[in-house]
Structure formats: C-alpha cells, structure tokens
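If you want the building blocks of each chain, they are given just below.
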Amino acid sequence: MVAPWIGALRDDALANDRYAYDITEGLTTEVGQRMAGTAAEARARAWSVAKLNAMGFANVRVETFDMPVWVRGRESAEIVSPFPQQLVVAALGNSASTGPSGISGEVVAFDSVDALRAAPDSAVRGKIVFIDHRMMANQDGSGYGQFGAPRRAGPTIASQKGALGIVVRSIGTDHHRGAHTGVISFADGVRPIPAGALSIPDAEQLVRILRRGQKVTMRLRLESIRIANAQSGNVIAEVPGRDPSLAPVMVAGHLDSWDQGTGAIDDASGVAIAAAAAKRIMDAGRPLRTIRIVWFGAEEVGLFGGLDYLKRHGKDPHYAIAESDFGADRIWKVNSKLGAARREEARLLGAALAPLGIVTGSFDEAEGSDIGPLLASGVPGVGLSQDGTRYFDYHHTPDDTLDKIDPAQLRQNVAAWTAMLAVLSGGIEAPRRRAKR
Ligand SMILES: [Zn+2]
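To start, this report covers the structure provided alongside it.

**Section: the layout of surface pockets**
- Approximately 800 Å³ is the volume attributed to the largest pocket.
- Taken together, 32 residues make up the lining of the largest pocket; nearest its centre are Y144, D325, F326, S369 and F392.
- Of the residues assigned to the lining of the largest pocket, the class counts are nine nonpolar, 13 polar and 10 charged.
- Space inside the second largest pocket adds up to approximately 150 Å³.
- Around the second largest pocket, the lining residues are D111, S112, V113, D114, R117, D132, H133, Q146, F147, A149, P150 and A153.
- When contributions to the lining of the second largest pocket are tallied by element, the ones reaching two or more residues are helix 4 (113–118), helix 6 (143–147) and helix 7 (149–152).
- For the lining of the second largest pocket, the element with the highest residue contribution is helix 4, accounting for three residues.
- Of the residues in the lining of the second largest pocket, the class split is five nonpolar, three polar and four charged.

Structure below.
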C-alpha cells in the first residue's frame, strides 16, 4: 500500500539525516537567542536566507511586518521579611516595568486563577499577588492549557483588583532554578502591572515561607522597555513543483525565540525539521506539488508572523499545512484534517508513518500555533505530535539550549516529515525513475 520509494526516503532520513541538526546547531550557535522584533531576530532572518539559498531552495524571500516590541531589562525578587533572601524571577513578556527602584508589597497567595478571581478586591489591592499551581509532565503536554492560566489570565485579573504586581509559579515541570518566561496580554483597558514568574524551587520556597503564617513582604524589580514599532518578518523558501498550477504543501516552524536561552527546542528544531524534510524530497527529485517552507517571525509574543501570513496568503489555496513547534523529541501520533474526500490519503499517511512507531489519531483535527488561524479558516492540515514529556522542563527558560536536542529523536522527526511530504506532494519524479521509463 505504501509505495516502496516512500519507505526508502523515510528510512534514509531516520538513519542518516544531518540537515536538521546542522540547521539547529548553526542557528543556535551563530545567532543565539532571537527575540521577536529585535536586531537578533533580524540577524536570524539574514542567516536563514543565506542558509536556505545555500541548501538550494528556490524563491527564498522575507515578508516583513511591523510589530510592538518588549525588551527585558534587569530583574530581581527578594523576600524583605520575615526571612530576607533572594528569589529567582523572570519578567513575563509585556510586563509593566517597575523602574530601577522596584516595588514592595505584602504577598497574597492563591492556588489557582479561579481562587484569585473569587477573592474580594480588598484582599488584593496594593499587594503583590502570587499564584501557585500543580502542572505535571505528560506526553501530550496538555497540562499547559489549564495550568498556563496563572500566566495568561492572572495578570489581568490581579490588575483589575488593584494589585501592585504579580508573580506566578513558573509554568513548567522541572526543578531547575531557572524561571519560565512567556507572553502575557492585558485585556483591553486594563492597566499593565509588573508580572513575573518565579523558578519552581523558588515558588515552593515562597509557599513554605507563607505557611509560617507571618506577613510576607516582597521587593520586586522587573525592568523592561517598549518600542512601539519595530520590524519582524517571515522567511519563505520553496521546492518548486512540476505543476505550478497546483496548491502548495506548506511546512513551518517559528524562527523567533525567547531571550533567555538559545531557542533550540523552541523552535530552532522545528524550522530545521520542516526544512530538512523538504530538502530530502528535493534531493530525491521534483515533487508534483510545490513545497513551501515558512519560518515564521514573532510567534512567541503574539503570533504576529502567522497573522501576517494569513493576511497576505489566507485566500490562496494550500493543499495542506503543518507546523513543528514542540521540541525535537520523537513523534508519537499523527492527526490530520484533510476533509472527508481525502480519507484514503489520510490513511495512507498513517500507514507511511506507522513503521516509525507513530499511531494514527484523529482524521478531523490538526494543530499548530502560527498556522492555527489558517487551520481555523478551513485550510487542510496535518499535526505530527511530539513527545512532550520533558518539553516543559526547558520551555521558555535559560535551559533551552542545543544540548537538549537528541539527534536520534530529531532524525525520527525528519523521517516522519519526509514521509508526510512524500505522500502529500503528489509523487516525486526522480532522475533514476525517469531513466527506467
Ligand atoms: Zn514555539
């Protein structure tokens, strides 16, 4: 059922791929962190254009867009009383700046966003809110949805109740002493307040201090600056198909990263997996359909790249779209949403991936951050789910660095994406196969 040439391309990627590691290593080493809208992200775009051209892709280009930028400054947190000591903190993206002198206030603790929401304003006004939670590691990373609420919703609610500032237990699953950052957006009309994440050991320390029953005073300094308008962009490259009239298959990741680590698992590996698979198809010959690679800009701070792509290309036909943005550990499930008329193709995709240990999931779901708006508008898509068991140990921390990439699991990703492209791109006309005719 699965053509032998598809299995051969898949198995060669699994055994031999070097493209994905080469891109991941190069981007994290030669550029490093790639905070959206900054000079670092601009260097990443220049690096990417040079790299994609050197790999032989066609139509390499950048589509730029403007966006507001938030840049981290100096930051610290300390318990002033009853037990003076420093805590490890990181400002959350779009936090208000405390200025250099910081803020001081009594800590009021909640074990969930709902508990904060239910509290009377008088319990919160003029204080520093702390929100705890119990996120646990799991394969599908589903805890991030629920337990990310302290970061996503907490700052707005705290501000509405008159809080001076807010710190949350890092949205993560490790016990390293690095804090997990991430974006926040204050609801319209809500005054931004200083907002940070404590490392998980420090959040647990704060809980123990609070349990002693004395009034706890914290001093918080989270400095940052805002630039109203800066430039970001999406980097695009293609493997031209034999029939340019057909809708392209799009594979994607995001080029920007948070500023603390070097963005290896989030998301250098993702852009690398997408491009490596396209390169392996190109090496084998010419696909029927064009393969379009998109390395989105400014995902972390609000999906600006995905929204710009939607604005420019949302009406263009796409045969299928997929995005890699969950680290580099092995793929364990394939979901797709190709439509009822393409059920056989979806089954074939599952069969092509099964030898990699990948289970076939839903025929009516696909996911991806930057491509989310496109998927929501009805564009067909595929979701290759990666093992997220250790993803939230490193996600958005200083520990997101190259050493967290397991080369063997990275190759399994490339093998799966190569097999997916082999199925979706409509067949490859290889020089060898042509010669046989
Ligand atoms: Zn990401």
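There is more to say after this.
**Observations concerning unusual backbone geometry**
- Geometrically, the link from S81 to P82 is a cis peptide bond, its omega value of 10° lying close to zero.
- Assignment of secondary structure puts P82 in the loop between strand 1 (58–81) and strand 2 (85–87).
- Along the chain, D266 connects to D267 via a cis peptide bond; the corresponding omega equals 10°.
- Here D267 lies in helix 10 (residues 264–284).
- Positive phi, normally seen in glycine, also occurs at N59, with a value near 55°.
- Among the structural elements, N59 can be located in strand 1.
- With a relative accessible area of 45%, N59 lands in the partly exposed category.
- For L303, which is not glycine, the phi dihedral falls at a positive 60°.

**What about empty space enclosed by the protein?**
- Under the counting rule described, the total for this entry stands at two cavities of 30 Å³ or more.
- Residue lining of the largest cavity: I265, F326, G327, A328, D329, D387, G388, R390, Y391, Y394 and K404, and that is the complete set.
- Class assignment of the residues belonging to the lining of the largest cavity gives a composition of five nonpolar, two polar and four charged.
- Forming the boundary of the second largest cavity are S257, W258, Q260, G261, T262, G263, D266, H396, T397 and D400.
- Within the lining of the second largest cavity, the residues separate by chemical class into one nonpolar, seven polar and two charged.

**Side note on the coordination of the zinc ion**
- Around the zinc ion, the protein contributes the donor atoms H254 (NE2), D266 (OD), D325 (OD) and D325 (OD), which lie 1.9 to 2.6 Å from the metal centre.
- Relative to the metal, the four donor atoms surrounding the zinc ion lie at angles of 53 to 149°, and the coordination shape comes out irregular.

**Here's the deal with the environment of H176**
- Structurally, the position occupied by H176 is in the loop between strand 6 (165–169) and strand 7 (195–198).
- Classification of H176 as partly exposed rests on a relative accessible area of 38%.
- Put simply, H176 and I166 are 10 residues apart on the chain and 21 Å apart in space, counted from C-alpha to C-alpha.
- For H176, the residues in contact, after removing those within four places along its chain, are S199, I200, P201 and D399.

**Regarding the packing of aromatic side chains**
- Scanning the model with the defined rule gives five aromatic pairs in all.
- Their ring planes at 80° and their centres at 6.0 Å tell us that F296 and Y309 sit as a pair that is edge-to-face. Of this pair, F296 sits in strand 11 (residues 291–296) while Y309 sits in helix 11 (residues 304–313), and the two are 13 residues apart along the sequence. Residue F296 shares its accessibility class with Y309, and that shared class is buried.
- Judged by centre distance (5.1 Å) and plane angle (80°), the ring pair of Y391 and F392 falls under edge-to-face.
- An aromatic cluster of three or more residues is present, and its members are Y144, F326, Y391 and F392.
- Geometry around Y319 places R289 over its ring, the cationic atom sitting 3.4 Å from the centre.
- Over the ring of Y319 we find R342; its NZ or CZ atom is 3.7 Å from the centre of that ring.

**Looking at the packing of helix 2 (residues 19–30) against helix 15 (residues 407–424)**
- For the pair helix 2 and helix 15, interaxial distance at closest approach is 9 Å and the crossing angle is 120°. The pairing of helix 2 with helix 15 is recorded here as oblique in orientation. Residues A20, Y21 and T24 of helix 2 touch helix 15, and the partners they reach there are P407, L410 and V414.
- Residue composition of the contact of helix 2 with helix 15, by class: five nonpolar, one polar and no charged.

**Observations concerning the nonpolar core**
- If you look at the biggest cluster of nonpolar residues, it comprises 72 residues, and the most contacted ones within it are F57, W295, L353, V382, W417 and M420.
- Here this core takes 13 residues from helix 10, the largest share from any one element.
- Those residues in contact with M420 that sit more than four places away from it in its chain are V251, A322, L349, V382 and L384.
- By size, the runner-up hydrophobic cluster in this structure holds 29 residues, among which are L87, V89, I128 and L198.

**Quick look at helix 2**
- Across its 12 residues, helix 2 extends 16 Å between first and last C-alpha, which sits within 8% of the 16 Å expected from 1.5 Å per residue.
- Buried positions along helix 2 lie against helix 3 (39–54), helix 10, strand 11 and helix 15.
- Of the residues trailing helix 2, G32 is marked for its positive phi of about 80°.

What counts, and where the lines are drawn
Residues numbered from 1 in each chain as written. Predicted model: local features only at pLDDT ≥ 70, side-chain atom pairs only at ≥ 80, totals over all residues. Heavy atoms only, no water. 1 Å grid on protein atoms, 1.4 Å probe; cavity = no way out; pocket = protein on both sides within 12 Å on 5 of 7 lines; lining within 4 Å. Points joined across faces, edges and corners; volume = space filled by probe spheres on them. Nonpolar A, V, L, I, M, F, W, Y, C, P; charged D, E, K, R; others polar. Helix = DSSP H or I, 4+ residues; strand = E, 2+ residues; numbered from the N terminus. Buried < 20%, exposed > 50% of the residue type's maximum accessible area, 1.4 Å probe, protein only. Donors = N, O, S within 2.8 Å, 3.2 Å for Na, K, Ca; no water. Tetrahedral: all angles 85-135°; square planar, octahedral: opposite > 155°, others 65-115°. Contact = heavy atoms within 4.5 Å. Phe/Tyr/Trp six-rings, centres within 6.5 Å; stacked < 30°, edge-to-face > 60°. Lys NZ or Arg CZ within 6 Å of the ring centre and 35° of its normal. Axes fitted to C-alpha atoms, helices over the stretch in contact; angles between N-to-C directions. Parallel < 35°, antiparallel > 145°, perpendicular 65-115°, else oblique. Core = buried A, V, L, I, M, F, W, Y, C linked by side-chain atoms within 4.5 Å. Expected span 1.5 Å × (residues − 1).

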